[in-house]
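Letter by letter, the chains look like this.
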Amino acid sequence: MRKFKEYIIEKLILASGLASIFFVIVIFLFLLKEGLAVFKIVTPANFLFGKNWYPISEPPQLGIFPLILGSLLVTLGAAIISVPIGIACAVYIAEVAPVRTKEILKASIELLAAIPSVVLGFIGMVTLVPWVKSIFKLPTGLTALSGSIMLAFMAMPTIVSIAEDALYSVPRSHKEGALALGATHWQTIYRVLLPAASSGILAAVMLGIGRVIGETMAVMMITGNAALMPHSFLQPVRTLTATIAAEMGEAVVGSEHYFALFAIGIVLFVISFAINITADLFLHRKR
Amino acid sequence: MKIETKNLNLWYGTFQALKEVNVAFQEKRITAIIGPSGCGKSTLLRVFNRMNDLIEGVRTSGEVFIDGVNIIDHAADLVSLRKQVGMVFQRPNPFPLSVYENIVFGQRIHGAMSKGALDEVVQQSLESVLLWDELKDRLNESAMGLSLEQKQRLCIARLIAVQPDIVLMDEPCSTLDPQATQRIEELMRELKKNYTIIIVTHNMQQAARVSDDAGFMLLGELVEFAKTEDVFTKPKDKRTEDYITGKYG
Ligand SMILES: Nc1ncnc2c1ncn2[C@@H]1O[C@H](COP(=O)(O)OP(=O)(O)OP(=O)(O)O)[C@@H](O)[C@H]1O
Ligand SMILES: [Mg+2]
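Residues numbered from 1 in each chain as written. Chains lettered and ligands numbered in written order. Predicted model: local features only at pLDDT ≥ 70, side-chain atom pairs only at ≥ 80, totals over all residues. Heavy atoms only, no water.

Novice: Whenever I open this one, the overall build of chain A confuses me. Can you help?
Specialist: When helices and strands are counted, chain A shows twelve helices and two strands. Written out in order from the N terminus, the α and β elements of chain A read α-α-β-β-α-α-α-α-α-α-α-α-α-α. Sorting the 287 residues of chain A into buried and exposed places 45% on the buried side. Within chain A, counting contacts between residues at least 6 apart in sequence, those at least 24 apart form 71% of the total. Surface exposure of chain A reaches about 15200 Å², of which carbon and sulfur atoms provide 72%. Computing the positive centroid from 20 side-chain charges and the negative centroid from 15, chain A places the two 6 Å apart. (Helix = DSSP H or I, 4+ residues; strand = E, 2+ residues; numbered from the N terminus. Buried < 20%, exposed > 50% of the residue type's maximum accessible area, 1.4 Å probe, protein only. Contact = heavy atoms within 4.5 Å. Areas by Shrake-Rupley, 256 points an atom, 1.4 Å probe, with all protein chains shown as cover. Lys, Arg positive; Asp, Glu negative; His and termini not counted. Charge placed at Lys NZ, Arg CZ, Asp CG, Glu CD.)

Novice: I would appreciate a short explanation of the side chain of Thr-181 of chain B in the present structure.
Specialist: Along the chain, the position of Thr-181 of chain B falls in helix α7 (residues 178-191). Residues contacting Thr-181 of chain B, with those up to four places away along its chain left out, are Cys-173, Leu-176, Gln-206 and Arg-209 of chain B.

Novice: Please clarify how the nonpolar core should be interpreted in this entry.
Specialist: Side chains of a nonpolar character, in soluble globular proteins, are inclined to be buried together. Within the largest apolar cluster, 57 residues are counted, with the highest numbers of intra-cluster contacts made by Ile-103, Leu-126 and Ile-156 of chain B. Take this core: its biggest share by element is six residues, from helix α3 (residues 99-109) of chain B. Grouped together as the second largest cluster of nonpolar side chains are 54 residues, Phe-47, Leu-128, Val-132 and Phe-262 of chain A included. (Core = buried A, V, L, I, M, F, W, Y, C linked by side-chain atoms within 4.5 Å.)

Novice: Just checking my understanding: could you explain the state of the cysteines for this structure?
Specialist: Residue and element names in this part refer to chain B. For the structure shown, the criterion picks out zero disulfides over all chains. Free of any disulfide, Cys-39 has its nearest neighbouring cysteine sulfur in Cys-173, separated by 18 Å. The cysteine Cys-173 is free of any disulfide, with Cys-155 supplying the nearest cysteine sulfur at 13 Å. (Disulfide = S-S within 2.5 Å.)

Novice: Please clarify how the interface of chain A and chain B should be interpreted in this entry.
Specialist: When the parts of a complex come together, some accessible area is lost, and that lost area is often used as the size of the interface. Counting from both sides, the interface comprises 17 residues of chain A and, opposite them, 22 residues of chain B. Together, Ala-180, Leu-181 and Arg-191 of chain A form the three largest contributors to the area buried by chain A at its contact with chain B, with a combined 38%. Counting across the interface, chain A meets chain B through one salt bridge. In this structure, the connection of chain A to chain B is made through five residue pairs in polar contact (both at pLDDT 80 or more). (Buried area = accessible area lost by both parts, 1.4 Å probe. Salt bridge = Lys/Arg side-chain N within 4 Å of Asp/Glu carboxyl O. Polar contact = N/O pair within 3.5 Å; in protein donor to acceptor, adjacent residues only side chain to side chain.)

Novice: Explanation requested: the site of ligand 1 in the structure shown.
Specialist: All names here are of chain B. Within the structure, ligand 1 sits among 13 residues, and Ser-37, Gly-38, Lys-41, Ser-42 and Thr-43 are positioned closest to it. His-202 has a polar side-chain atom sitting 3.1 Å from an oxygen atom of ligand 1. For ligand 1, whose unbound accessible area comes to 630 Å², protein coverage reaches 63%. For the shell around ligand 1, the leading source of residues is helix α1 (residues 41-47), giving three residues. Of the residues assigned to the shell around ligand 1, the class counts are five nonpolar, six polar and two charged. (Near = heavy atom within 4 Å. Nonpolar A, V, L, I, M, F, W, Y, C, P; charged D, E, K, R; others polar.)

Novice: I would appreciate a short explanation of the sheet that holds strand β3 (residues 30-34) of chain B in the present structure.
Specialist: Strand-to-strand pairing in sheets goes through backbone hydrogen bonds, with the strands running parallel or antiparallel. Residues and elements named next belong to chain B. Here we have six strands laid out as an open sheet, ordered β6-β7-β8-β3-β9-β10, and mixed in their pairing. Only two strands of the sheet have a single neighbouring strand rather than two, namely β6 (85-88) and β10 (221-227). Taken over all neighbouring pairs, the strand axes of this sheet differ in orientation by 20° on average, direction set aside. Pairing geometry for strand β9 (residues 213-218) and β10, over six bridges, is antiparallel. Paired with Leu-218 across the two strands is Glu-221, which belongs to β10. The strands that helix α6 (residues 148-160) touches are β6 and β7 (166-170); relative to β6, the one it contacts most, it runs at about 175°. Taken strand by strand, α7 contacts β3, β7 and β8 (196-200), and its axis lies near 150° from that of β8. (Pairing = 2+ DSSP bridges. Axes fitted to C-alpha atoms, helices over the stretch in contact; angles between N-to-C directions.)

Novice: Explain the confidence of the model for chain B here, please?
Specialist: Do not read the predicted coordinates in detail wherever pLDDT is low. Of all residues in chain B, 99% have pLDDT values of 70 or greater, and the mean over the chain is 90. Predicted as a complex, the structure gets a pTM of 0.83 and an ipTM equal to 0.89. (pLDDT = per-residue confidence, 0-100.)

Novice: Help me understand the layout of surface pockets in this model?
Specialist: By rolling a water-sized probe across the atoms, one finds the places where empty space is left. Here the largest pocket is characterised by a volume of approximately 520 Å³. Taken together, 22 residues line the largest pocket, and the ones lying closest to its centre are Ala-94, Glu-95, Arg-172, Lys-175 and His-185 of chain A. If you list the elements that add at least two residues to the lining of the largest pocket, you get α3 (65-96), α4 (99-114), α6 (144-168), α7 (172-180) and α8 (185-196) of chain A together with α2 (78-84) of chain B. (1 Å grid on protein atoms, 1.4 Å probe; cavity = no way out; pocket = protein on both sides within 12 Å on 5 of 7 lines; lining within 4 Å. Points joined across faces, edges and corners; volume = space filled by probe spheres on them.)

Novice: Any chance you could explain the domain arrangement of chain A here in plain terms?
Specialist: All names here are of chain A. The domain boundaries assigned to chain A delineate domain 1 (2-40) and domain 2 (53-284). Taking the mean C-alpha position of each, domain 1 and domain 2 sit 30 Å from one another. Where domain 1 abuts domain 2, roughly 790 Å² becomes buried across the two surfaces, and 86% of that area is made up of carbon and sulfur atoms. When the area that domain 1 buries against domain 2 is broken down by residue, the three leading residues are Leu-31, Glu-34 and Val-38, summing to 58%. The tally of links between domain 1 and domain 2 comes to zero salt bridges. Put simply, domain 1 and domain 2 have one residue pair in polar contact (both at pLDDT 80 or more) between them. (Domains from an automatic or database assignment.)

Novice: Is there a simple way to think about the pairing of strand β4 (residues 58-66) of chain B in this case?
Specialist: Two faces belong to every sheet, and in a regular strand the side chains alternate between them. Residue and element names in this part refer to chain B. Pairing of strand β1 (residues 3-12) with β4 involves eight bridges; the strand directions are antiparallel. Across the sheet, residue Thr-5 finds its bridge partner in β4, namely Val-64. As judged from the two bridges shared by β4 and strand β5 (residues 69-70), these two strands associate in the antiparallel manner. Each bridged residue has a counterpart across the sheet, and for Phe-65 the counterpart in β5 is Asn-70.

Novice: When you look at the confidence of the model for chain A in this model, what are you seeing that I'm missing?
Specialist: Mean pLDDT for chain A: 91, with 98% of residues reaching 70 or above. The least confident element of chain A, judged by mean pLDDT, is helix α12 (residues 256-286) of chain A at 84; the most confident is α3 of chain A at 94.

Novice: What exactly am I supposed to notice about the pairing of strand β2 (residues 15-25) of chain B here?
Specialist: Residues and elements named next belong to chain B. Sheet topology note: the β1/β2 ladder contains seven bridges and is antiparallel. Looking at the pairing, Glu-4 lines up with Ala-24 of β2. In this structure, the hairpin formed by β1 and β2 is closed by a connection of two residues, where Gly-13 is found at a positive phi of approximately 60°.

So this is what it looks like as structure tokens:
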């Protein structure tokens, strides 16, 4: 009887495992089927590197290069801001802060993570955007920079909490070993704790970036949404995600525009996948 | 006298872990500290490199002189103290870096050195712990992949590289098998020529085998301190005798 129960449980677990793989494959196939159809109209090279995105003109121009650059620019900016601050914050919480400060900081970071992205986007729209506009004396504050700053706030909680965990999980004996050799606190952090936690910190960075690349709502609200080739951070841009979200509603099912949006989905999928693979590679190289 | 304590007391919060310890350790000898679990052996050892400072709520009174300098003094320079007084831990704790980087760690933190000089330090340190032949082709591999014994030797090499003159060892063989233990003991005898060694051990045979002097602690007190031979053959204190003959756990 017991054996039978074990058997059933085992098979159930196996079935749910298989189901999740099955769903992933089905979703991916659907994405491929709908997305690849666009390449009947436009070559992959022209799709990826075409500089004009006019999906509803006649004939439609389906070049997503400005959108790819928009996503990369906003993500890069967000990473440049959030990675150093996030890691520094994690080090501060894990190693330096007195107990009370630590608790307050951790609670506020959790709070930051709990703010829905629309709300962050809205706050960004009414505060950050005017600031960027007046500080840089721009015609509009809806720029890549505003998006990057906003997204940095979204990546930060992920980076801080995972990097902090990674730092905590470094055995105490490493730290004692370094201090006993006469290392200062800072040398211990820099030479032992950070290298020892590097795989976890890298995972934190990757997950933070993953969150940024996939983010849609907030970027749609504050990056200006102009599908133009971006030349600087102080210009409106449009990201891949924002394009899908903004245009899917109006695209006619089965039209070139519709297929192109799915193809953008494939591109996003490939980018996320590449990020995860990179993270994995780094993680395993460390071991 | 290399190290001398005067009326040393230490409290963890309200718990007194060391009580009026007066002891003097001589240069270039191995001194063993023995006693039942929880009697304060590690605590005493960690006074000498001020590692107890890391623990919240520790309070110390009395004086501890190393080469005549009172290291309990708040003004004591911890970096140079710990450079002078090295420590080998119970569980080998190499850093998750390469063998090479583990050994030059001290050099890197205590001031720059040329690559050639570093290479030399690595070779000398590994030779003095008899690891050079085993590891000379594996210098860039992670130290985490070494055997336990190799790790512990590496930790000793890492210490030797900064040229301390006192080496504190807190049960350095407790995770090793008997053969490895024997080889580490041989290494200690070798190191004694240049270093003052204090070893904490649970293992009375080990204390008898390697040490020149021995101290017996009980409940935070240093009950007896003398030549190892005398401690083991003609203990003056009844409590020492009871411990040695196995009446405590
Ligand atoms: N961080 C601490 N906080 C409070 N009490 C402590 C702390 N560390 C040690 N103690 C207490 O101080 C006493 C001495 O501890 P210590 O570690 O020095 O003993 P030991 O002789 O090294 O024991 P063992 O042989 O088990 O290693 C013990 O009773 C222990 O419970
Ligand atoms: Mg101990």
